[in-house]
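What the coordinates show
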Amino acid sequence: MTALLKRFLGFLLIVICSPLNTLAQTEIRLDNVSDLRDIGRQTHYLEDASAKLSIDQVAQGTFEGEFQAYDQEAINFSSTASAYWLKFKVTKSVPGNFYLNVGSAYIDAVSLHEFDAENTRISTRHTGDDLPFDSREIAVSNYLFALDFEEGTTHTFYLRVKSDQPLFFPLRVGTLPNFVAYEHDLDFLQGLYFGFMLLIFLYNLFLYFSTKEKIYLYYIAYVFSITWFMASVFGYFFEYFWPNSPDINQVVVVSSGLTMITATLFTQKFLNTGEASPRMHKGSYVFMLLGILVCVLVLAGLRIEGLKVAQGGLLIMAIYFLILGIRFRMKGYRPAKYYLLAWGALIVGICFAILESLNLTFVMKYINAMQIGSALEVVLLSFALGDRINMYKKQKEDAQMASLIAAKENERLIKEQNIILEEKVKERTAEVASQNKELVNLNKEKDMLISVVAHDLRTPLHQVKSLIWLLDMPNMTLTEDQEMYLTEIDNSVDRLTDMTGRILNTHALETKKIDLKKETIDLVELVEYVAKGFQTSATEKEIKLTTKVGEGSHFAELDRNYMIQVLENLVSNALKFSDKGSEVILHVTSNNGQSSIIVQDHGPGISKDDQKKLFGKFQKLSAKPTAGESSTGLGLSIVKKYVDAMQGEIRCESELGKGTQFIVSFASKNG
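**With respect to the overall build of the chain**
A count of helices and strands for the chain gives 17 helices and 19 strands. Buried positions account for 43% of the 671 residues belonging to the chain. Once local pairs closer than 6 in sequence are excluded, the contacts in the chain between residues at least 24 apart make up 75%. Total accessible area computed for the chain in this model is approximately 36100 Å², and 59% of it derives from carbon and sulfur atoms.

**Digging into the sheet that holds strand β14 (residues 544–549)**
Across the sheet, which stays open at both edges, the 5 strands sit in the order β14-β16-β17-β19-β18 with mixed pairing between neighbours. The open sheet is flanked by β14 and β18 (649–655), the only strands paired with a single partner. Direction aside, neighbouring strands of the sheet carry axes that sit 15 degrees apart on average. Sheet topology note: the strand β17 (residues 594–601)/strand β19 (residues 659–667) ladder contains 8 bridges and is antiparallel. Within β19, the residue paired with Gln600 across the bridge is Gln661. The strands that helix α13 (residues 523–533) touches are β14, β16 (583–591) and β17; relative to β14, the one it contacts most, it runs at about 175 degrees. Sheet strands touched by helix α15 (residues 560–576): β14, β16, β17, β18 and β19. Its angle to β17, the strand with the most contacts, is close to 25 degrees.

**Digging into the side chain of Gln42**
Checked against the element boundaries, Gln42 lands in the loop between β2 (37–38) and β3 (44–48). With a relative accessible area of 13%, Gln42 lands in the buried category. Here Glu27 takes part through its backbone oxygen, which lies 3.2 Å from a polar atom of the side chain of Gln42.

**As for the packing of helix α6 (residues 254–271) against helix α8 (residues 278–299)**
Taken N-terminus to C-terminus, the directions of α6 and α8 make an angle of 160 degrees; their axes are 7 Å apart at the nearest point. With respect to their mutual orientation, α6 and α8 come out roughly antiparallel. Crossing handedness for the pair α6 and α8: left-handed. Of the residues in α8, those touching α6 at Val254, Gly257, Leu258, Met260, Ile261, Thr264, Leu265 and Gln268 are His281, Ser284, Tyr285, Phe287, Met288, Leu290, Gly291, Ile292, Val294, Cys295, Val298 and Leu299. Here the residues of the contact of α6 with α8 sort into 14 nonpolar, 6 polar and no charged.

**Description of the packing of aromatic side chains**
Aromatic ring pairs are reported here in terms of the distance separating the ring centres and the angle at which the planes meet. Per the stated rule, a full pass over the model turns up 22 aromatic pairs. Summarising the aromatic geometry, the rings of Tyr45 and Tyr70 are spaced 5.7 Å apart at their centres and angled 85 degrees between planes, so their arrangement reads as edge-to-face. In this pair, Tyr45 sits in strand β3 while Tyr70 sits in the loop between β4 (68–69) and β5 (74–76), placing the two residues 25 residues apart along the sequence. Given a relative accessible area of 5%, Tyr70 falls into the buried group. Here Tyr208 and Phe209 contribute two aromatic rings whose centre-to-centre distance is 5.5 Å and whose plane-to-plane angle is 55 degrees, an arrangement assigned as tilted. In this arrangement the basic side chain of Lys87 is found over the ring face of Phe67, its NZ or CZ atom lying 6.0 Å from the centre.

**Side note on the environment of Ala59**
Positionally, Ala59 belongs in helix α2 (residues 55–60). The buried category is assigned to Ala59, whose relative accessible area is 7%. Considered as a pair, Ala59 and Tyr158 are 99 residues apart in the sequence and their alpha carbons are 7.8 Å apart. Discounting residues that sit within four places of it in the chain, Ala59 has contacts with Glu64, Phe115 and Tyr158.

**Thoughts on helix α4 (residues 214–233)**
With 20 residues, α4 extends 29 Å between its outermost C-alpha atoms, agreeing within 8% with the 28 Å of an ideal straight helix rising 1.5 Å per residue. Within α4, 15 of the 20 residues are buried, which leaves it mostly tucked inside the rest of the structure. Of the residues one or two after α4, Gly235 is the one with positive phi, at around 80 degrees.

**Some details on a nonpolar patch on the surface**
The grouping of Phe188, Leu189 and Leu192 at the surface amounts to a nonpolar patch, some 290 Å² of accessible area in total. Assignment of secondary structure puts Leu189 in helix α3 (residues 176–211).

**Notes on the nonpolar core**
Judged by nonpolar contacts, the single largest core of 57 residues is most densely connected at Tyr219, Met317, Phe321, Tyr339 and Trp343. Taken together, the elements giving at least two residues each to this core come down to α3, α4, α5 (236–240), α6, α8, α9 (303–330), α10 (336–357) and α11 (369–471). The dominant element in this core, judged by the number of residues it contributes, is α4, at 11 residues. Counting residues in each nonpolar core, the second largest holds 40 residues, with Ala538, Val599, Leu636 and Val664 among its members.

**Focus on the packing of α4 against α6**
At their nearest, the axes of α4 and α6 sit 8 Å apart, and the two run at 155 degrees to each other. Looking at the two axes, α4 sits roughly antiparallel to α6. Relative to α6, α4 is oriented so that their crossing is left-handed. Mapping the contact onto sequence places Ile215, Tyr218, Tyr219, Ala221, Tyr222, Ser225, Ile226, Trp228 and Phe229 in α4 and Val254, Ser255, Ser256, Leu258, Thr259, Thr262, Ala263, Leu265, Phe266, Lys269 and Phe270 in α6. Looking at the contact of α4 with α6 residue by residue, the classes come out as 14 nonpolar, 5 polar and 1 charged.

**Thoughts on the pattern of salt bridges**
Taken as a whole, this structure holds 12 salt bridges when the rule is applied. For the salt bridge of Asp56 with Arg121, the shortest nitrogen-to-oxygen distance reads 3.7 Å. Of this pair, Asp56 sits in helix α2 while Arg121 is found in strand β9 (residues 121–127), placing the two residues 65 residues apart along the sequence. Shared partners join several salt bridges into a network, and the residues in it are Glu114, Arg125 and Glu137.

**Structural notes on the pairing of strand β15 (residues 555–559)**
Burial runs high along β15: 4 of the 5 residues are buried. Both strand β13 (residues 518–522) and β15 contribute to a ladder of 5 bridges, which runs antiparallel. Looking across to β15, one finds that Ile521 is bridged to Ala556.

**Considering the confidence of the model for the chain**
Low-pLDDT portions of the prediction should not be read for the details of their coordinates. Of the residues in the chain, 79% reach a pLDDT of 70 or more, and the chain-wide mean stands at 78. Of the regions scoring below 50 in pLDDT, residues 1–25 engages in 7 contacts with residues more than four places distant in sequence or in other chains.

**What about the side chain of Thr259?**
The residue Thr259 is located in helix α6 in this model. Ignoring sequence-local partners within four residues, the contact set of Thr259 consists of Tyr222, Ser225, Ile226 and Leu314.

**Quick notes on unusual backbone geometry**
Within the chain, Ala51 stands out as a residue other than glycine whose phi angle is a positive 60 degrees. Within the secondary structure layout, Ala51 lies in the loop between β3 and α2. Ala51 gets classed as partly exposed once you look at its relative accessible area, which sits at 25%. Positive phi values are uncommon outside glycine, yet Gln647 reaches one of about 60 degrees. Its location among the elements puts Gln647 in the loop between α17 (635–645) and β18.

Calculation criteria
- Residues numbered from 1 in each chain as written.
- Predicted model: local features only at pLDDT ≥ 70, side-chain atom pairs only at ≥ 80, totals over all residues.
- Heavy atoms only, no water.
- Helix = DSSP H or I, 4+ residues; strand = E, 2+ residues; numbered from the N terminus.
- Buried < 20%, exposed > 50% of the residue type's maximum accessible area, 1.4 Å probe, protein only.
- Contact = heavy atoms within 4.5 Å.
- Areas by Shrake-Rupley, 256 points an atom, 1.4 Å probe, with all protein chains shown as cover.
- Pairing = 2+ DSSP bridges.
- Axes fitted to C-alpha atoms, helices over the stretch in contact; angles between N-to-C directions.
- Polar contact = N/O pair within 3.5 Å; in protein donor to acceptor, adjacent residues only side chain to side chain.
- Parallel < 35°, antiparallel > 145°, perpendicular 65-115°, else oblique.
- Left-handed = near helix turned anticlockwise from the far one by under 90°.
- Nonpolar A, V, L, I, M, F, W, Y, C, P; charged D, E, K, R; others polar.
- Phe/Tyr/Trp six-rings, centres within 6.5 Å; stacked < 30°, edge-to-face > 60°.
- Lys NZ or Arg CZ within 6 Å of the ring centre and 35° of its normal.
- Expected span 1.5 Å × (residues − 1).
- Patch = residues over 30% accessible without salt bridge, like charges linked within 9 Å, V, L, I, M, F, W, Y side chains within 5 Å.
- Salt bridge = Lys/Arg side-chain N within 4 Å of Asp/Glu carboxyl O.
- Core = buried A, V, L, I, M, F, W, Y, C linked by side-chain atoms within 4.5 Å.
- pLDDT = per-residue confidence, 0-100.

This is the structure in structure tokens:
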């Protein structure tokens, strides 16, 4: 217990006395050429909130007494809009070329004012990334100032620093070999980092061109934005890419905004948040908006505000995406394992870098904490992408195997079905063959029946016709009723004879037994012949039957008998469907190498629906004969087949309530 108390009192004594020691050690003695020394604790500082104080005001004015002792080895003023003045005295005790090192390339303005022992200013040197790179005393990424004064003397230095980025840096003194050795180690570690980031960038760029998947494009954009920021922090881009364009350094923080945007796009694509978690997918757009806001603030000249938004946004984004990764890992998404580790490493690096910039932890000597975190992150994200590819590859292989199994199963089923179908086809073929045989037999029976009708039915009809004529002789005395019955019998025999003739004609057409005897016919003579035969019927129905002949000669190569039947059917129908007192006209015309016969009536007309079925067999139309005449529905079908057989054309033009005309056309011939 006594030993523990002694240790506590000793520690308390050190804490109490340390500020006194710090205040006492205000003079820096250059007495060792082998060491590189941090001198932060041996400086005093003054905050210039207006950033407008001159060296005369600071060194000789009322502000001289406002300097405060600095109590850390590394200088760290965090993110600030103020300028800071550092005051320190240097005594050279041994000969040698000593230098002062401001160990950060990320400072906008650096000015070093040197005073001798009599407090006379003997030099002023200005540099910083607001000036061209060649403004530096020695061409290195950070800043070196020669402490070139006589041995045994003491000089006072005022160092003014101003930056719109986090203002923290080591302040050291040493010889040039000391700094070369330090820079050698620094460049080695930085070379490893940037070489590794370049390798990751090029490798994933190659994958993007190979696969054309956007996720690789987002990833390389993310890697580039981080690399750009880090290279700017250490001054490499300024030194090697735009040494004479310091204005570009003022927009370096834009890379932080781009990092937020590209990280969001990559995460959305990698975790497929749009489908797997729509709510968190929408939430991630906040970080894209923050990234855009950072870019806008920086480009508008509000660099400190943009940097603060970037610091907070990057930290919250990393935590949000870490939670997103945990959620997807819990759902069983395998690549989320590496994703979680990657964002965990980045969060640690970002947190440490923010704490470092806020002066809440020590400043790393050779490498930035965010570099370590980002390097680990890109490695793990590369593993995550590879695992994602392997997962999709495995899914594709499984799908292909399932498809192969399904294909084999389908092939087996198809073979079985083919066997069954072949058997059914054989059975059906046998049934069809049997049915065809029956149809052939039925067709033969039909032909025999028609032959019987042609041979055996016409003869009795003629005999009945003759007997009616005998009964109707002039010397026979018949009552009025008997004459009426004989007339009805005569009409019935005529109708039966006509029907029998039509059936026989249809049979002849179907069996292709039409024997055409074509000759050049005068259509005018043919029309007048047919019209003359229907004059009595027209007169009985009080219908005017006329013929009209157009100019020129009207000849066509036809079968006379079949053409007479065509016209008889058409004229008969025209009379049948015309009212008393109307007119039926037969036109004969020739035009453009075509001769036509037009049978026109002024009957009820034919509807559009009826016109579609005009030339079918046994078709009953909606229009009814005006005097109750009978109709078999065969006439127009016979007409159509006769006209087709004679290589002609028939068409119908009709309008309800205005009548109908049938036009029969043939190629014209010279008479």
